[in-house]
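Examining the three-dimensional arrangement
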Amino acid sequence: QYLHNAYPAVTAVALPSALLTNGTQSFAKFSITSVGAANSVVGFQQILLNVAKSTGPSIASSGMQLFEDGVDVTSTGAFTTAQIGTSQTAGTVQFKFTAERQSPVSGHVYEFKANITNTVANDSIATSFKTPSANAVPNTAAVVNALDGR
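In this report, the structure presented in the accompanying data block is examined. For every chain, the first residue of the written sequence is number 1, and numbering continues from 1 along that sequence. Restriction of local features to residues with pLDDT of at least 70 applies here, the model being predicted, together with a cutoff of 80 or more for giving and counting side-chain atom pairs; totals for whole chains, interfaces and linings are based on all residues. Computation of side-chain values: all heavy atoms of the structure, hydrogens and water removed.

1. What about the overall build of the protein chain?
- Counting its secondary structure elements, the protein chain contains 0 helices and 10 strands.
- Counting from the N terminus, the helices are DSSP H or I runs at least four residues long and the strands are E runs at least two residues long. Seen in sequence order, the protein chain has helices and strands lined up from the N terminus as β-β-β-β-β-β-β-β-β-β.
- Any residue under 20% of the maximum accessible area for its type is buried, any over 50% is exposed, and the rest in between are partly exposed; the area is computed with a 1.4 Å probe on protein chains only. Every one of the 150 residues in the protein chain was classed for burial, and the buried ones make up 36%.
- Here, two residues are considered to be in contact whenever any of their heavy atoms come within 4.5 Å of each other. Restricting to contacts in the protein chain with at least 6 residues of sequence separation, those with at least 24 account for 73%.
- To measure how exposed things are, a 1.4 Å probe is used in the Shrake-Rupley method; for residues, cover is taken only from the protein chains shown. By element, 51% of the accessible surface of the protein chain is carried by carbon and sulfur atoms, the whole surface being about 8200 Å².

Okay, here's the thing in structure tokens:
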């Protein structure tokens, strides 16, 4: 058994626009805060998202960006994507930081942006946190999606 001082809370944040159009668009935005003692922080090293979309739009993995509190932090890690192109309806986006990120009680807001193409009327893109296949162990950075509402 392990005793933890804090745990992460993930909260959806409204996107800058609810209209899906071609061009660079935000497709996921959320905050990560630490829940626990007044000065507690939580650490994590990767963010895994499920992507569900209609068949038309394509999300370009090349040039994808991650922002933390409005600052581009893409250079602090790397993206891995799967099944997010045209004609594909379910895929994943992973961002793995090169070093552990820490989020205090006040939290940080994260925003994923990418070049979206081939959109037409009634297209959609939705994201959710990917359910982990295993729990993080001590001395290993916690996976942000470990608390997908549980």
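2. Considerations on the side chain of serine 54
- Of note, serine 54 is situated in the loop between strand E3 (41-53) and strand E4 (58-59).
- The exposure class assigned to serine 54 is buried, which follows from its relative accessible area of 19%.
- Pairs of N or O atoms are called polar contacts if they sit within 3.5 Å, as long as, within protein, a hydrogen donor faces a hydrogen acceptor (for residues adjacent in sequence, only side-chain-to-side-chain pairs). Among the polar contacts listed, one links the side chain of serine 54 to the side chain of aspartate 123, at a separation of 3.1 Å.
- Each residue touching serine 54, except ones within four places of it in the same chain, is listed here: Gln88, Thr89, Asp123 and Ser124.

3. A closer look at the nonpolar core
- Judged by nonpolar contacts, the single largest core of 21 residues is most densely connected at Phe27, Ile47, Ile59, Leu66, Phe97, Tyr110 and Phe112.
- Beyond its immediate sequence surroundings of up to four residues, phenylalanine 97 is in contact with Phe44, Gln45, Gln46, Ile47, Leu66, Val73, Thr76, Gly77 and Tyr110. By convention a nonpolar core is built from buried Ala, Val, Leu, Ile, Met, Phe, Trp, Tyr and Cys residues, the set being connected through side-chain atoms within 4.5 Å.

4. Quick look at the packing of aromatic side chains
- Here the aromatic set is Phe, Tyr and Trp, taking the six-membered ring for Trp, and pairing holds for ring centres within 6.5 Å; pairs whose planes are under 30 degrees apart are stacked, those over 60 apart are edge-to-face, and all others are tilted. Using the criterion set out here, one finds 9 aromatic pairs in the structure.
- Through successive ring pairs, a cluster of aromatic residues spans Phe27, Phe30, Phe44, Phe79, Phe95, Phe97, Tyr110, Phe112 and Phe129.
- Charge over a ring is defined by NZ of Lys or CZ of Arg lying within 6 Å of the ring centre and within 35 degrees of the ring normal. The positively charged end of lysine 113 is found above the aromatic ring belonging to phenylalanine 67, 4.6 Å away from the centroid.

5. Some words on the sheet that holds strand E10 (residues 125-129)
- What the 4 strands build is an open sheet, ordered E7-E8-E3-E10; its pairing is antiparallel. Edge positions in the sheet fall to strand E7 (77-82) and E10, since each has one partner strand and no second. Within this sheet the neighbouring strands show an average axis-to-axis angle of 25°, counted without direction.
- Each pair of strands is called paired provided DSSP finds at least two bridges between the two strands. Relative to E10, E3 runs antiparallel, the two being bridged by 5 bridges. Residue pairing across strands places lysine 53 opposite isoleucine 125, the latter belonging to E10. Helix axes are fitted to C-alpha atoms over the stretch in contact, other axes to C-alpha atoms as well, and angles between N-to-C directions run from 0 to 180 degrees.

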